[in-house]
Amino acid sequence: MDTIARTPQQIGAGIRRYRRQKKLTQGDLGEKMHARQATVSKLEAGEPATQLRILMDALAALDLELVIRPRTKLTAEAIEYLF
């Protein structure tokens, strides 16, 4: 299932959902990323200062990829409903 995200919080929620589906703790994901559990927590919280490298490391550790495409016509509220 694709996840649409337009805000850092939505990206974090998507990462959290996939991590939980894989039955990983934040610490487990951190180990796979070679990062601390606190770093994973900040990413999942949508911390605005999160580095792009951290996001890409998390996606790789969860066997996910980033896809760039034109925006859908969904409103922000409709996207929030998906989470």
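Rules and cut-offs
- Residues numbered from 1 in each chain as written.
- Predicted model: local features only at pLDDT ≥ 70, side-chain atom pairs only at ≥ 80, totals over all residues.
- Heavy atoms only, no water.
- Helix = DSSP H or I, 4+ residues; strand = E, 2+ residues; numbered from the N terminus.
- Buried < 20%, exposed > 50% of the residue type's maximum accessible area, 1.4 Å probe, protein only.
- Contact = heavy atoms within 4.5 Å.
- Areas by Shrake-Rupley, 256 points an atom, 1.4 Å probe, with all protein chains shown as cover.
- Lys, Arg positive; Asp, Glu negative; His and termini not counted.
- Charge placed at Lys NZ, Arg CZ, Asp CG, Glu CD.
- Axes fitted to C-alpha atoms, helices over the stretch in contact; angles between N-to-C directions.
- Parallel < 35°, antiparallel > 145°, perpendicular 65-115°, else oblique.
- Nonpolar A, V, L, I, M, F, W, Y, C, P; charged D, E, K, R; others polar.

Caption draft 1: Structural context of the overall build of the protein. Secondary structure summary: the protein contains five helices and zero strands in total. Beginning at the N terminus, the succession of helices and strands in the protein can be written as α-α-α-α-α. Along the first, second and third principal axes, the C-alpha set of the protein runs to 35 × 25 × 20 Å. The proportion of buried residues among the 83 residues of the protein is 29%. Taking the intrachain contacts of the protein between residues at least 6 apart in sequence as the baseline, contacts between residues at least 24 apart amount to 64%. Carbon and sulfur atoms make up 54% of the accessible area of the protein, which totals about 5900 Å². Here the protein contributes 14 positively and 10 negatively charged side chains, and the mean placements of these two sets differ by 2 Å.

Caption draft 2: Broad picture of the packing of helix 2 (residues 26-33) against helix 3 (residues 37-44). Contact pair helix 2 / helix 3: the axes reach a minimum separation of 8 Å and the direction vectors enclose 105°. One finds that helix 2 runs roughly perpendicular with respect to helix 3. Along its contact with helix 2, which presents Gln26, Gly27, Leu29, Gly30 and Met33, the element helix 3 presents Gln37, Val40, Ser41 and Glu44. Considered class by class, the residues forming the contact of helix 2 with helix 3 number three nonpolar, five polar and one charged.

So far we have only geometry, and geometry alone does not tell us how the molecule works.
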